[in-house]
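Read off the chains here:
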Amino acid sequence: MNTHNPNDFRYRVRRSDDAAPRFDRVPLAVRTLSSNTLFQGEHEIGIEHHGALYRLKITRQGKLILNK
């Protein structure tokens, strides 16, 4: 179960000719996966991206770290 709203971190800048830039919340669809679904009980997974292998790890503190 995801506890965050993906729209909370997505913003789009709107500009008008005579006003400063304005940041508005714009609902954007973001595909969201649970870390439980990705890791399936493991603490590290490999991700291949454009021929390079990345390692996504869960730290002892429960944070995610991505290394190339």
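Going by the structure above, here's the rest.
Residues numbered from 1 in each chain as written. Predicted model: local features only at pLDDT ≥ 70, side-chain atom pairs only at ≥ 80, totals over all residues. Heavy atoms only, no water.

A. The arrangement of the overall build of the chain in detail. Across its full length, the chain carries one helix and five strands. Starting at the N terminus, the α and β elements of the chain follow one another as β-β-α-β-β-β. The buried share of the chain, reckoned over its 68 residues, is 13%. Within the chain, residue pairs in contact and separated by at least 24 positions form 10% of the contacts whose partners lie at least 6 positions apart. (Helix = DSSP H or I, 4+ residues; strand = E, 2+ residues; numbered from the N terminus. Buried < 20%, exposed > 50% of the residue type's maximum accessible area, 1.4 Å probe, protein only. Contact = heavy atoms within 4.5 Å.)

B. Inspection of the pairing of strand E3 (residues 44-49) at higher detail. Where E3 lies against strand E4 (residues 52-58), six bridges are found, and the strand directions are antiparallel. Paired with His 49 across the strands is Ala 52, a residue of E4. (Pairing = 2+ DSSP bridges.)

C. Looking closely at the sheet that holds strand E5 (residues 64-67). Within the open sheet, the three strands sit side by side as E3-E4-E5. Their pairing is antiparallel. The open sheet has two edge strands, E3 and E5, and neither has a second partner. This sheet shows a mean twist of 25 degrees between the axes of neighbouring strands, independent of strand direction. (Axes fitted to C-alpha atoms, helices over the stretch in contact; angles between N-to-C directions.)

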